[in-house]
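The chain contents come next:
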Amino acid sequence: MNAWVHLGTGPVPGGGKSLDLMQRGREFSIVVENKELMNSTRGHSEEALASLACAHLAERPDARVLIGGLGMGFTLRAALRALGPEAEVVVAELVPAVAAWARGPLAEVFRGCLDDPRVELREIDVNRLVQAGAEAWDAILLDVDNGPEGLMRRANDRLYDEWGLKRAQWALKPGGVLGVWSGTPDRKFKARLQRMGFAVEETRIPASGTSGPRHVVWIATRG
């Protein structure tokens, strides 16, 4: 089997940590402190984040969708497949290196989705866009860090605490959807969503579709 080859490092702003991009044959991996955050062969649950959320937007042909975290583009590609030609998708990526890798060594993985005219990629903390305006989004999809129990950056926790969920409610249009991906179950977070007034659906999904670790997707609908 081919050995892993190190392709690049990208510091996490404000986090004191760095991401490393690795390649083995046609497989890519992004790791932080030797812990894998994402892998190009295991994106089924990230795709499900978008497909489950966008299923709630069928009656909104011009939906505005905010995706927090570019990753390897699994959530973005799935959203583009599910949304109509009048939709708008803004992707917020905090780590400049991740955006650069998408058009560089990961271009084959991204398959040109960043060139879709519906897409705007912004190198910014997604929290700033959540706070930018009331009822601005039909859906907010968060695939940030490793979910509510993050690995990279303590400031990411504010997306998932009560304050962050209040801001998400404020930023969503009535009936809008907050979708959250997590590497592990989190009963406290699910209870927090419900306590904040969201209608919550929880789905556990194998990372590779039929095998691999089971990740969690919460689809929380604003009333």
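Chains are numbered independently. Their residues run from 1 in the order of the written sequence. Only residues with pLDDT of 70 or above have their local features reported here, since the model is predicted, and side-chain atom pairs are shown and tallied only from 80 upward, although totals for entire chains, interfaces and linings are computed over all residues. Think of the side-chain values as coming from all heavy atoms in the structure, minus any hydrogens and water.

Enquirer: Where do I start with the pattern of salt bridges in this structure?
Expert: Two side chains with opposite charge may pair up if their charged atoms get near one another. We count a salt bridge whenever a side-chain nitrogen from Lys or Arg sits within 4 Å of a carboxyl oxygen from Asp or Glu. Across all of its chains, the model carries 13 salt bridges by this definition. Here E27 makes a salt bridge to R24, at a shortest N to O gap of 3.0 Å. Buried, partly exposed and exposed residues are distinguished by accessible area as a fraction of the type maximum, computed with a 1.4 Å probe on protein chains only: under 20%, between the cut-offs, and over 50%, respectively. Judged by relative accessible area, E27 falls into the buried class, the value being 15%. Assessed through its relative accessible area of 21%, R24 is described here as partly exposed. Of the charged contacts, one joins R103 and D115 as a salt bridge, the two residues approaching to 3.2 Å between their closest N and O atoms. Here the residue R103 occupies a position in helix α3 (residues 96–103), and D115 occupies one in the loop between α4 (107–110) and β7 (119–122), the gap between them amounting to 12 residues. Among the residues examined, R103 registers a relative accessible area of 52% and is labelled exposed. D115 gets classed as exposed once you look at its relative accessible area, which sits at 56%. Each member of the salt-bridge network shares a partner with another, and the members are R60, D138 and K173. In this description a helix means any DSSP run of H or I spanning at least four residues, a strand means any run of E spanning at least two, and both kinds are numbered starting from the N terminus.

Enquirer: I would appreciate a short explanation of the sheet that holds β7 in the present structure.
Expert: The strands making up a sheet associate through backbone hydrogen bonding, with each pair oriented either parallel or antiparallel. What the seven strands build is an open sheet, ordered β7-β6-β5-β8-β9-β11-β10; its pairing is mixed. Looking at the sheet topology across the chains shown, the edges are occupied by β7 and β10 (199–206). Pairwise comparison of adjacent strand axes, ignoring direction, gives a mean angle of 15° for this sheet. The pairing of strand β8 (residues 137–142) with strand β9 (residues 172–182) spans five bridges and is classified as parallel. Counterpart to L142 in the pairing with β9 is V180. Pairs of strands are assigned from DSSP output, requiring at least two bridges between the strands. Only the stretch in contact is used when fitting a helix axis, every axis being a line fitted to C-alpha atoms; angles between N-to-C directions are given from 0 to 180 degrees.

Enquirer: Could you clarify how one ought to interpret the state of the cysteines in this entry?
Expert: Formally, a disulfide is one covalent bond, and it connects the sulfur atom of one cysteine to the sulfur atom of another. Whenever a pair of cysteine sulfur atoms sits within 2.5 Å, that pair is classed as a disulfide. Applying the stated criterion to the full structure yields zero disulfides. There is no disulfide at C54, and the cysteine sulfur nearest it, in C113, is 14 Å away. On the basis of relative accessibility, which here comes to 5%, the residue C54 falls in the buried class. Given a relative accessible area of 7%, C113 falls into the buried group.

Enquirer: Help me understand the sheet that holds strand β4 (residues 35–39), please; the structure alone is not making it clear to me.
Expert: Strand order in the open sheet formed by four strands is β1-β2-β3-β4, with antiparallel pairing between adjacent strands. Of all strands in the sheet, those with a lone pairing partner are β1 (5–11) and β4, marking the two edges. Each strand axis lies, on average, 25° off the axis of its neighbour in the sheet, ignoring direction. In terms of strand pairing, strand β2 (residues 18–24) meets strand β3 (residues 27–32) through six bridges, oriented antiparallel. Looking across to β3, one finds that D20 is bridged to V31. In what follows, residue pairs with any heavy atoms lying within 4.5 Å of each other are defined as contacts. α3 contacts β1, β2 and β3 of the sheet and is inclined by roughly 140° relative to β1.

Enquirer: Please clarify how the pairing of β9 should be interpreted in this entry.
Expert: Side chains on a regular strand alternate between the two faces of the sheet. For β9, a buried count of eight out of 11 residues is recorded, marking the element as mostly surrounded by other parts of the structure. With six bridges connecting them, β9 and strand β11 (residues 214–221) associate as antiparallel partners. Bridging across to β11, W181 finds its partner in V217.

Enquirer: What am I meant to see in the nonpolar core here?
Expert: Note on soluble globular proteins: their nonpolar side chains tend to be buried together. What makes a nonpolar core is a set of buried Ala, Val, Leu, Ile, Met, Phe, Trp, Tyr and Cys residues whose side-chain atoms join them at distances within 4.5 Å. Counting residues in hydrophobic clusters, the biggest one holds 45 residues, and the most contacted among them are L19, V65, L76 and L83. Counting 28 residues, the second largest nonpolar core, distinct from the first, contains A136, W137, L178 and F198.

Enquirer: What exactly am I supposed to notice about the packing of helix α1 (residues 44–54) against helix α2 (residues 74–82) here?
Expert: When two helices pack together, you describe them by how their axes are tilted relative to each other and by the distance separating the axes. The interhelical angle for the contact between α1 and α2, taken along N-to-C directions, is 30°, at an axis separation of 7 Å. Judged by the angle between their axes, α1 and α2 are roughly parallel. In this structure, α1 meets α2 at a crossing whose hand is right-handed. On α2, the residues touching E46, E47, L49, A50 and C54 of α1 are F74, T75, A78, A79, R81 and A82. In what follows, roughly perpendicular refers to angles from 65 to 115 degrees, roughly parallel to angles under 35, roughly antiparallel to angles over 145, and oblique to any angle outside these ranges. Helix crossings are classified by the rotation of the near helix relative to the far one: an anticlockwise turn of less than a right angle makes the crossing left-handed, while a clockwise turn makes it right-handed.

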